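A closer look at the structure
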Amino acid sequence: MIDQRTAPSAVLLLRVSLGLLFIAHLYWKFAILDGGLDKWWANFAANGYHAITPWYCISAEFAGALLLIPGIWTRWVSLYALPLILGAAQYWAVRKGFYFTIGGTELPLVWGLLLVLQALLGDGPYAAVPSPMPRSAMPKTA
């Protein structure tokens with residue numbers, strides 16, 4: 001049974017937490033990573049990724065950081081960022097294995113699951129711009 005009193009707060013907490021994760025990751029990339037964004041960007045080419053990949057990755061991270069916390073199209077932003085996180089999970093699974101202690105795939109898998117949950121749960125309270133629903137999902141009127 002879902003507690004209707006606390007469920008909206010849980011959705012809001014999830015949305016804000018995901019946004020903060022994206023902010024923290026961008027901060028790491030721009031301020032902490034040795035070599036900064038240039039090194040991160042060059043890593044894609046060095047590992048054989050297509051040239052569009054870092055563009056998508058950085059756009060998904062900025063979308064998550066800037067749009068999730070205020071609740072702007074939350075469902076769609078979560079789904080847009082999901083391939084980024086699943087790609088990160090695959091990247092680390094191949095190189096480091098599962099466990100986070102050696103930079104593995106554990107965190108990206110949980111992060112991806114949280115994005116799926118957010119997309120399923122919706123925008124939550126205090127969403128600035130609720131996610132538009134596809135016409136097929138809208139209630140039928142007589």
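Keep in mind the model is a prediction, meaning the values are calculated, not measured.

A few words now on the nonpolar core. Within the largest apolar cluster, 20 residues are counted, with the highest numbers of intra-cluster contacts made by Leu18, Phe22, Trp40, Leu84, Ile85, Trp111 and Leu115. Every element with two or more residues in this core is listed here: helix 1 (7–32), helix 2 (36–46), helix 3 (53–67), helix 4 (74–95) and helix 5 (106–121). If we skip the residues at most four places from it in the chain, Leu115 touches Leu18, Phe22, Ser78, Ala81, Leu82 and Ile85.

The next thing to look at is the packing of aromatic side chains. Counted by the stated rule, this structure contains nine aromatic pairs. Ring-pair connections join several aromatic residues into one group, and the members of that group are Trp40, Trp41, Phe44, Tyr49, Trp55, Tyr91 and Trp92. Here Lys29 stacks its cationic end above the ring of Trp40, 4.2 Å away from the centre of that ring.

So, on to the packing of helix 2 against helix 3. Between helix 2 and helix 3, whose axes approach to 9 Å, the crossing angle comes to 130°. The orientation of helix 2 with respect to helix 3, classified from their angle, is oblique. Within the contact between the two elements, helix 2 uses Leu37, Trp40, Trp41 and Phe44 and helix 3 uses Thr53, Pro54, Trp55, Cys57, Ile58 and Glu61. Split by residue class, the contact of helix 2 with helix 3 holds eight nonpolar, one polar and one charged.

Turning our eyes to something else, we now look at the environment of Trp28. Take Trp28: it is sitting in helix 1. Trp28 sits in the partly exposed class, given a relative accessible area of 34%. With 11 residues separating them in the primary sequence, Trp28 and Lys39 have C-alpha atoms 12 Å apart.

What follows covers helix 1. Because each turn of an α-helix spans 3.6 residues, side chains separated by three or four positions in sequence point in the same direction. Counted at 1.5 Å a residue, the expected span for helix 1 with its 26 residues is 38 Å, and the 36 Å between its end C-alpha atoms agrees. Within the span of helix 1, buried status applies to Val11, Leu14, Arg15, Leu18, Gly19, Phe22, Leu26 and Lys29. Buried residues along helix 1 sit in contact with helix 2, helix 3, helix 4 and helix 5.

This part is about the environment of Trp76. The residue Trp76 is located in helix 4 in this model. Overall, the relative accessible area of 37% leaves Trp76 in the partly exposed class. Expressed as a C-alpha distance, the spacing of Trp76 and Ser131, which sit 55 residues apart in the sequence, is 6.8 Å.

About the criteria used
Residues numbered from 1 in each chain as written. Predicted model: local features only at pLDDT ≥ 70, side-chain atom pairs only at ≥ 80, totals over all residues. Heavy atoms only, no water. Core = buried A, V, L, I, M, F, W, Y, C linked by side-chain atoms within 4.5 Å. Buried < 20%, exposed > 50% of the residue type's maximum accessible area, 1.4 Å probe, protein only. Helix = DSSP H or I, 4+ residues; strand = E, 2+ residues; numbered from the N terminus. Contact = heavy atoms within 4.5 Å. Phe/Tyr/Trp six-rings, centres within 6.5 Å; stacked < 30°, edge-to-face > 60°. Lys NZ or Arg CZ within 6 Å of the ring centre and 35° of its normal. Axes fitted to C-alpha atoms, helices over the stretch in contact; angles between N-to-C directions. Parallel < 35°, antiparallel > 145°, perpendicular 65-115°, else oblique. Nonpolar A, V, L, I, M, F, W, Y, C, P; charged D, E, K, R; others polar. Expected span 1.5 Å × (residues − 1).

So, to be careful, I would describe these as geometric facts and stop short of saying anything about function.
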